[in-house]
Structures are given as C-alpha cells and as structure tokens.
Amino acid sequence: MSSLVLAAVLVGLPAALLVGVAALRVRWLAVGLVPLSFPVGLQAVPHLPLRLVQVAVLAAVGLTGLRRLTQPSRPPAGPPPGRLAASRQPAGRPTVSRPAANRSPLLLAAGCTVLTALLASTVAVDPAAAIRLDVDYLLGLALAGTILLAEPDRAALRALLGTVCIGGGVICAGAVVTSSPLTPYYNETVVSNRATGIFGQPNELGCLAAVVGLVSLAWLLSLRPRHPLRLVAVASLVSATWALLLSLSRGAWIGAVLGLVVLLALVPHARRRLTAGLVAVAVVLLVAGQVLGQSAVPGASALAVAGDRAATLVSGTRNPYDLRPQIWHEALRQIDAHPWLGVGPGGYPVLAAEQPTAVHSAAPTHAHSLLLTVFAEQGVLGLLGLLATVLVGVLGTVRVAHSSAARVAGTQRPGAGSDLALLAGPAAGLAVVLGQGVVDYPLRNQVLELLVWLLVGLLAATGRVVCRPEAADTIRCPPLPATFLWFQPAATGRWPVVPTPRRAGPARSAPVSASGRGGAGRSVDFADRRRCRHVRRTRTAG
C-alpha cells in the first residue's frame, strides 16, 4: 500500500503542476476540470470531508483567481455595433486595463437564493446537514462566478460545452455497459435492475443523461460542418440517450421533453437538422435495443419495457408502492409549521422520519418536488429566491435569443447561428432540471448540483458574450489621411478598430479622391471586408 501511495504522489504531483500551469495559460481549462472530474467526482478524498468534484471546484476557483491577478484581462471583442472606436493611449506609457468585476442579474438572483439557505440554517433542525448543504451551495455559486471571472469567448464556451459532454458521456457509457437485464412488475410501474451508473438511484442518472444529451445536441449544432469533434458530440448524444432510456426515469423523460422544446425554440434555423438527427438516433437505439437490450422477460427488450413504462404516464397506472402523495402532504405540513425560514437545508428527511406519518417507514430524503423541497427547507424566502432566479434566467435568455436571432437574420456569414446553439445548450439543460423537478428532486447529489451551477454560469457568460460583436466583425485598417476626423490621426502610429456588423442595408461610405485628400472619386465602403485593400490602393495611387 505504501508503494502505491508513493507512486501516486510521484505521478500525481507533477501531473497536477502541469495541469495548473496549463490552466493559467488557457482561460477555460481551469473550469473545464470540473465536468471532466464528474466520472470520479463522487469518490471521497482521504482524510478530508470532501469529494473529488468539490476539490476540482476549489482548484478551478483558485487557478482562475490567480490567473486574474497575475495576467491582464482580455479586452472585449470589439466596440458596440454602430459606433467607431479608436485607442488613444499615448506612446511609451503601457498600461494594463482591469475592467470592473463582472455583474450578472442571474448570478445575483442565484446568490439571493443561497443567502436564504444560509438564513434558514440558523433555525435548522439538523445543523450538520445544513452546513454540509450550505458548503455545496457556496461552492456552486463560486463555480458559476468563476466562469464569468474567466471572461470566456465563443471558442472557450464551445470548449466548456464539450467538457460537459465528454465527462457526462463517460458516465452514461459506463452506465450502459454495466446495466443488468430489466425485470418489470405491476404493468411496468415497477422495474428492477434499472441503470444507475455511479449514482445511488436511477432518477439521478436519468437527470444527468437528459442534460448531457441536450447539451451534446447543442454542442453539435455549434460546431462547424465536418469538424472532427462532431463525432465526439454524436457519441455523447447516443450514449446519453441510451442511458436515459435504461434509467426508466419518467421524471427525467418529462424534463428531456421540456428541454428539447426549449432547444427547438432557441435554434429555429436548425429544426430540420434536429429532426433528422433525432430520427437517426431513434433508429440506432431501436436496433441496439433489439440486439443488445434483452431483458429477463422472454421476448421483451429493454426498449419495449421503456415504451410500456412511458405509456403509464398517459394511462394513469400507479405504482402500488409510490408514496408521492403522502410525501407531498408531509412537505405541506412542514411548510405550515415553519413558513418563513423553513426547517433548514436537509431538515425535511429528519422531520419526516421522526413524525408518526404515513411516510415514517419510507424515510424519504426529499419531498419529490423542487418547489416543495425548497419551500419546506428554506421557507417563503427561499421559494421567492428560486422563482426570481428562474424568472431572471428566462427573461435574460429570451432577450439574448431575440437579439442574436435578429443578427443572424441580417447576415449571410456561415456559422452565424452558432451563438443560438451556445445559448440553447445551458438553457435546455436547466429546463431538464425544472421539468424533472415537478415530480422529483435529484439535486442531493454533488455532481448533479454542481452541474446545475455550471450551467447557470455558462448561461450567464453566454448571454454576455453573444451580446458582444464577434471578433470577425471587427477589422483593423491602416490609418487613413488626417482629413477623416472621425478616425484616429495617423500620427499616433496605431491602427484604428472599425466595427463592421454584418447587417443588410445601405453601406456607409465617405468620398476619397485618387490622391487620398478627399473630394470626388472612388468611395470607401466601411461595411465591406475589402475596404482595407481599397484604402491601401488609394493611398498608393496618391
């Protein structure tokens, strides 16, 4: 054992140093370590009350903060559209610009929800559980803030979506490989041997699989055609979809449908491709289900069991052991007894097990509802914080999507709609959690909770990046003659930055004579990429 520990130290310490140095140079790599640690994230750290995914969050926060302190901030991609910008920094006086701290209404609302959890912890019936959950809340909020602090651009956001797909796809593939034959009872309302993967229950695997599947679909749409990473996105999508079916989590299926609706609403230009892709995935799953997914019932496949279980959502067939109505009633009883601050984070299962109620023997760990669990444990203040966070996120997503869709409609640049796909990924993933939250609460798991906070941070950062003009829309031109007073004079020795939003309509032009001194002659079209070459020809002719 001592030799194994020594080998782990000798190999792990240099690897950690190399990763740290790389994270300081690549702004998104520190945050990307968190989703990449998901497959082993639930492993406990020896001699510490932490799990590996929490250590990854602490490393991401520390490395990003250190990079922010030691390296200058990256300037914005360009000035606001429709305005001319020119740097007037005097020569010989280099300065480092540090913009004000990033602010996000979504993170502000989420921070208020965390604050209500801290207030509810003062009256918690189980202080130890409340402190443990408060630490998870604070780590999640720090992770979301770290994404904004890293100032990611479009490429970095696309890379972060890829890390979510890779980390989650590994978990889903492992769950599919290790799954056992399914055995249904009571008209498929009860099924044994449901896939769980690294989690303790199949509903948690279903939540992760639904989120990863939709994020993989959005990542696939954001990549340019024939990009080699599209194969990775397709593999992640297939494994996540198959794991979602094997989990047989009806709550996760509801969330997946809601997330798919959000994805289709945010990416209208790709609806045909989405439909074709979903049909292809369905065919692959149908063949795989008939070949590999044989269950313990003769002649029945795993796909058939999943279809019968999905039919129970419409037929109304109930599991005779389902105690959700009694669990919801217990949550309402606790809300009535502690309306304002609730019973504290993690207090619901304590009171549900102590009181002589119908759920005393079942000992539920949560209220099987996102709203009821937050309401019972954090009171009215926590419920208002949660609703405010959802409202701010929805309004912000609609505003950014409308702005991006208007910009896509006015441009012919290939790949201009990838911004909508970047926005749709985290939005659809969070919609999955809200949809499943109607009948379940899978966020007791640290991996799933930090995944939700990661999506919140990505949604806030994507909204900020999409609202900025793209670097390709900003072209640097050589200095024009001093008669063009709206440009920076050529005496400064710097090339001005001229924004050129790709929009339809008449282009602005200024008359330039053949000598370059103004007057009649050929014109310079500032909305055309070739204007720089025209300016050079004009000045050479002069």
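Residues numbered from 1 in each chain as written. Predicted model: local features only at pLDDT ≥ 70, side-chain atom pairs only at ≥ 80, totals over all residues. Heavy atoms only, no water.

1. A look at the overall build of the protein chain
Note the cut-off: Runs of E in the DSSP output that reach at least two residues are strands. Runs of H or I that reach at least four are helices, and both are numbered from the N terminus. Partly exposed residues are those whose accessible area sits between 20% and 50% of the maximum for their type, while under 20% is buried and over 50% is exposed, using a 1.4 Å probe and protein chains only. Contact criterion: two residues are considered in contact whenever any of their non-hydrogen atoms come within 4.5 Å of each other.
Within the protein chain, the secondary structure is distributed over 17 helices and 6 strands. Here the protein chain holds 542 residues, and 47% of them are scored as buried. Long-range pairs, those at least 24 residues apart, make up 74% of the contacts in the protein chain between residues at least 6 apart in sequence.

2. Looking at unusual backbone geometry
Of note, Glu-151 is a non-glycine position whose phi angle comes to about 50°, a positive value. Relative to the assigned elements, Glu-151 resides in the loop between helix H5 (127-149) and helix H6 (154-177). Although it is not a glycine, Leu-248 adopts a positive phi angle of roughly 55°. Considering the arrangement of structural elements, one finds Leu-248 in the loop between helix H8 (229-247) and helix H9 (250-266). For Leu-248, a relative accessible area of 0% translates into the label buried.

3. A closer look at the pattern of salt bridges
To keep things clear, this is the line we draw: The working definition used for a salt bridge is a side-chain nitrogen of Lys or Arg within 4 Å of a carboxyl oxygen of Asp or Glu.
Overall, the coordinates contain 4 salt bridges when judged by the stated rule. Across the salt bridge formed by Arg-154 and Asp-419, the nearest N and O atoms sit 3.0 Å from each other. Of the two residues, Arg-154 sits in helix H6 while Asp-419 sits in helix H15 (residues 418-436), which places them 265 residues apart along the sequence. Accessibility classification places Arg-154 together with Asp-419 in one group, the buried group.

4. Notes on the nonpolar core
One broad rule of soluble globular proteins: the nonpolar side chains tend to lie buried together. The test is simple: To form a nonpolar core, buried Ala, Val, Leu, Ile, Met, Phe, Trp, Tyr and Cys residues must be joined to one another through side-chain atoms within 4.5 Å.
Judged by nonpolar contacts, the single largest core of 96 residues is most densely connected at Val-34, Phe-199, Leu-263 and Leu-458. Setting aside anything within four residues of it in sequence, one finds Leu-263 in contact with Leu-214, Leu-217, Ala-218, Leu-274, Ala-424 and Ala-428. The next biggest cluster of nonpolar side chains, apart from the first, holds 9 residues, and it includes Ile-327, Ala-352, Val-359 and Ala-376.

5. So, the environment of Asp-336
Mapped onto the elements of the fold, Asp-336 is located in helix H12 (residues 324-337). Here the alpha-carbon distance between Asp-336 and Gly-379, two residues 43 residues apart in the chain, equals 9.7 Å.

6. Section: the side chain of Gln-436
Our working rule: Pairing of N or O atoms within 3.5 Å defines a polar contact, subject to two protein rules: one partner must be a possible hydrogen donor and the other a possible acceptor, and residues neighboring in sequence count only if both atoms are side-chain atoms.
Take Gln-436: it is sitting in helix H15. A distance of 3.2 Å separates a polar side-chain atom of Gln-436 from the backbone oxygen of Asn-203. Each residue touching Gln-436, except ones within four places of it in the same chain, is listed here: Asn-203, Cys-207, Ser-249, Gly-251, Ala-252, Gly-255 and Pro-442.

7. Re the packing of H15 against helix H16 (residues 446-466)
A pair of packed helices can be characterised by two numbers: the angle between their axes and the separation between those axes. Cut-off, in case you're wondering: Note on definitions: angles span 0 to 180 degrees between N-to-C directions of axes, and those axes are lines fitted to C-alpha atoms, for helices only across the stretch in contact. When describing relative orientation, an angle under 35 degrees is termed roughly parallel and one over 145 degrees roughly antiparallel, while 65 to 115 degrees is termed roughly perpendicular and anything else oblique. In a left-handed crossing the near helix is turned counterclockwise from the far helix by less than a right angle, and in a right-handed crossing that turn is clockwise. Throughout this entry, Asp, Glu, Lys and Arg are counted as charged residues, while Ala, Val, Leu, Ile, Met, Phe, Trp, Tyr, Cys and Pro are counted as nonpolar. The remaining residues, Gly among them, count as polar.
Running from N to C, H15 and H16 cross one another at 150°; their axes reach a closest spacing of 9 Å. Judged on the interaxial angle alone, H16 and H15 are roughly antiparallel. In this structure, the crossing between H15 and H16 has a hand that is left-handed. Between H15, through Asp-419, Leu-422, Leu-423, Pro-426, Ala-427, Gly-429, Leu-430 and Val-433, and H16, the contact on the second element is made entirely by Val-452, Leu-455, Val-456, Leu-458, Leu-459, Thr-462 and Val-466. In terms of residue class, the contact of H15 with H16 is made up of 12 nonpolar, 2 polar and 1 charged.

8. Re the packing of helix H7 (residues 202-222) against H9
Contact geometry for H7 and H9: axes closest at 9 Å, N-to-C directions at 20°. By the angle between their axes, H7 is roughly parallel relative to H9. In this structure, the crossing between H7 and H9 has a hand that is right-handed. Contacts from Gly-206, Cys-207, Ala-210, Leu-214, Leu-217 and Ala-218 of H7 reach H9 at Ala-252, Ala-256, Gly-259, Leu-260 and Leu-263. Its residues placed into classes, the contact of H7 with H9 shows 9 nonpolar, 2 polar and no charged.

9. Re helix H3 (residues 52-70)
The condition that has to hold: Multiplying 1.5 Å by the residue count of a helix minus one yields the expected span of that helix.
Along its 19 residues, H3 runs 27 Å from first to last C-alpha, staying within 8% of the 27 Å computed at 1.5 Å per residue. Regarding H3, the residues found buried are Val-53, Gln-54, Ala-56, Val-57, Ala-60, Leu-63, Thr-64, Arg-67 and Arg-68.

10. Remarks on the environment of Val-191
By the element assignment, Val-191 lies in strand S2 (residues 190-192). For the pair formed by Val-191 and Ala-306, sequence separation is 115 residues and the distance between their alpha carbons is 9.7 Å. Residues in contact with Val-191, not counting those within four places in the same chain, are Leu-182, Thr-183, Pro-184, Leu-248, Val-305 and Arg-309.

11. Here's the deal with a nonpolar patch on the surface
Here is the rule: The patches reported here contain residues having more than 30% relative accessible area and no salt bridge. Joining distances are 9 Å for like charges and 5 Å for nonpolar side chains (Val, Leu, Ile, Met, Phe, Trp, Tyr). Accessible areas in this description were obtained via Shrake-Rupley with a 1.4 Å probe; residue shielding takes into account the shown protein chains only.
The grouping of Leu-36, Ile-166, Val-170, Leu-229 and Val-232 at the surface amounts to a nonpolar patch, some 370 Å² of accessible area in total. For the nonpolar patch, the secondary structure elements donating two or more residues are H6 and H8. By the element assignment, Val-170 lies in helix H6. Given the relative accessible area of 47%, Val-170 is considered partly exposed.

12. As for the confidence of the model for the protein chain
Formally: Confidence of the predictor at the level of single residues is captured by pLDDT, which takes values from 0 to 100.
In this model, the protein chain carries a mean pLDDT of 77, and residues with pLDDT of at least 70 account for 67%. Note that residues 294-299 has pLDDT below 50 and, in this model, 13 contacts with residues that lie over four places away or in other chains. Segment residues 471-542: pLDDT under 50, and 116 contacts once partners within four positions in sequence are set aside and those in other chains are kept.

13. Re helix H4 (residues 105-120)
Compared with the 22 Å implied by 1.5 Å per residue over 16 residues, the 23 Å span of H4 between its first and last C-alpha is a close match. Turning to H4, its buried residues number three or more, namely Leu-106, Leu-107, Ala-109, Ala-110, Thr-113, Val-114, Thr-116, Ala-117 and Ala-120.

14. Section: the side chain of Thr-64
Mapping Thr-64 onto the fold places it in helix H3. Leave out the neighbours within four places in its chain, and Thr-64 touches Ala-30, Val-31, Thr-146, Leu-149 and Ala-150.

15. Overview of the environment of Val-433
Along the polypeptide, Val-433 turns up in helix H15. For Val-433, a relative accessible area of 7% gives the class buried. C-alpha of Val-433 to C-alpha of Leu-448: the two residues are 15 residues apart in sequence and 9.6 Å apart in space. Setting aside its immediate chain neighbours within four residues, Val-433 contacts Cys-207, Val-211, Leu-443 and Val-452.

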